[in-house]
Amino acid sequence: MKHLIDPMDITMEELEDLFRLTEEIIGSEDDFNYVCSNKILATLFYEPSTRTKFSFEAAMLRLGGRVIGFSDPDSSSVMKGESIPDTIRTVGSYVDIIAMRHPKEGSPKYASLYSPVPVINAGDGGHQHPTQTLTDLFTIRQLKGQISNLTIGLCGDLKFGRTVHSLIKSISRYTNIKLILISPHELQIPQYIKMEVLRKNNIPFLEVERLEDVIDELDILYMTRVQKERFFNEEDYIRLKDSYVLNKEKLRLAKEDLAILHPLPRVNEIGYEVDEDPRACYFQQVRYGMYIRMALIIRLLGVM
Ligand code: CP
């Protein structure tokens, strides 16, 4: 594992190793306080972020490393027209590892071709978000004890939601998974994922428009926001943005041991009253996201 660009860059053995290491870190965090003491992480974020950027930075700081980077490319020489290869070669001369988010699909992959140090895709356009997938898989494993034998509902913007695309790719490697894809017709999962991931791996899936019709079947409900920044016109966004609002009333229909996940940020799709429900696990998911990034940094740097 030199770079992490696509969730499939990690083998199942490497995934299990990351999960075990994450559990070790959670169990005895103090033992990991200095493992990256001479290492530097750069966070190059060409697109806004709260969780991914700060969790990477917090992860490196908790490992004893240091962090540099930008969250506004206009404050760097990108503003003067510097290319991705030149930026990466330069930053890669100063640091040991780079986490990069970019609005254009394929940019972290392109960067990795020129980078002297490991590049982690921290989200590229509507394409992939592999470290969110690590977070999601680890959360499911902690909550359910396994990632197999589950009915998982993915609800919201399945067209532009990169976390959904990455999660489907990765989860297709587990056994006895059934997916229920809940979205408005216009925001259905892209055809290439249906053909190249779901059908190719014989993953049973169902596409529906109403959450209420299927919520009682679900072990996991993965809510997502409608991705405003990927729409070509505002009218469509306004029409679709409140397609789903999870509230107490809808949850009455759900299983007692349902786990509600959300990559966040949330807009309107989960009412704040749901946060009090023991089935709401999205802030636990946020916390796990930092720990699994600690494990990922350790393994990519080969420091343990
Ligand atoms: N889940 C996620 O990618 O959140 P941010 O956009 O805040 O990083």
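Throughout what follows, the structure given in this document is the object of discussion. (Residues numbered from 1 in each chain as written. Predicted model: local features only at pLDDT ≥ 70, side-chain atom pairs only at ≥ 80, totals over all residues. Heavy atoms only, no water.)

1. Observations regarding the environment of Y192
For Y192, the position within the fold is in helix α7 (residues 191–199). Residues contacting Y192, with those up to four places away along its chain left out, are H127, Q128, H165 and V197. (Helix = DSSP H or I, 4+ residues; strand = E, 2+ residues; numbered from the N terminus. Contact = heavy atoms within 4.5 Å.)

2. Some thoughts on helix α10 (residues 282–301)
Between the first and last C-alpha of α10 there are 29 Å, a value that for 20 residues agrees with the 28 Å anticipated at 1.5 Å per step. Once α10 finishes, G302 follows within two positions and takes phi at roughly 65 degrees, a positive value. (Expected span 1.5 Å × (residues − 1).)

3. Some thoughts on the packing of helix α1 (residues 12–27) against α10
Interhelical geometry of α1 versus α10 gives an angle of 115 degrees and a closest axis separation of 9 Å. As α1 packs across α10, the resulting crossing turns out to be right-handed. Residues D17, L18, F19, L21, T22, I25 and I26 of α1 lie in contact with α10, whose contacting residues are Y288, Y291, I292, M294, A295, L296, I298 and R299. Taken together, the residues that form the contact of α1 with α10 break down as 12 nonpolar, 1 polar and 2 charged. (Axes fitted to C-alpha atoms, helices over the stretch in contact; angles between N-to-C directions. Left-handed = near helix turned anticlockwise from the far one by under 90°. Nonpolar A, V, L, I, M, F, W, Y, C, P; charged D, E, K, R; others polar.)

4. Re the packing of aromatic side chains
Scanning all chains against the criterion turns up 7 aromatic pairs. Consider the rings of F19 and F138, whose centres lie 6.0 Å apart with planes at 40 degrees: the pair is tilted. With F19 in helix α1 and F138 in helix α5 (residues 130–144), the pair connects residues that are 119 residues apart, well separated along the chain. Residue F19 shares its accessibility class with F138, and that shared class is buried. (Phe/Tyr/Trp six-rings, centres within 6.5 Å; stacked < 30°, edge-to-face > 60°. Buried < 20%, exposed > 50% of the residue type's maximum accessible area, 1.4 Å probe, protein only.)

5. Some thoughts on the sheet that holds strand β9 (residues 259–261)
Taken in spatial order, the 5 strands make up an open sheet running β7-β6-β5-β8-β9, and their pairing is parallel. The sheet is open, and its two borders are formed by β7 (205–208) and β9, each paired with just one other strand. Across the sheet, the mean angle separating the axes of adjacent strands is 20 degrees when strand polarity is ignored. Sheet topology note: the strand β8 (residues 220–223)/β9 ladder contains 3 bridges and is parallel. Looking at β9, one finds that L221 is bridged to I260. Packed onto the sheet, α7 meets β6 (177–182) and β7 and runs at close to 155 degrees relative to β7. (Pairing = 2+ DSSP bridges.)

6. Overview of the pairing of β6
Counting buried positions over the 6 residues of β6 gives 5, a clear majority of the element. As judged from the 6 bridges shared by strand β5 (residues 150–155) and β6, these two strands associate in the parallel manner. Opposite I152, over in β6, you have L179 as the bridge partner. You can see the chain leave β5, run along helix α6 (residues 162–171) and come back into β6, and the turn it takes is right-handed. Note that β6 and β7 share 4 bridges and pair parallel. Residue pairing across strands places L179 opposite F205, the latter belonging to β7. Taken together, β6, α7 and β7 constitute a β-α-β crossover, and its handedness is right-handed. (Right-handed = clockwise from strand over helix to strand, strands pointing away.)

7. Some thoughts on the site of the ligand
By nearness alone, every residue bordering the ligand is listed as S49, T50, R51, T52, R101, H129, Q132, P263 and L264. Here R101 contributes a side-chain N or O atom positioned 2.9 Å from an oxygen atom of the ligand. Within the backbone of L264, a nitrogen or oxygen atom sits 3.0 Å from a nitrogen atom of the ligand. In the complex, 92% of the free accessible area of the ligand, which totals 250 Å², lies under the protein chains. Here the shell around the ligand is composed, by residue class, of 2 nonpolar, 5 polar and 2 charged. (Near = heavy atom within 4 Å. Polar contact = N/O pair within 3.5 Å; in protein donor to acceptor, adjacent residues only side chain to side chain. Areas by Shrake-Rupley, 256 points an atom, 1.4 Å probe, with all protein chains shown as cover.)

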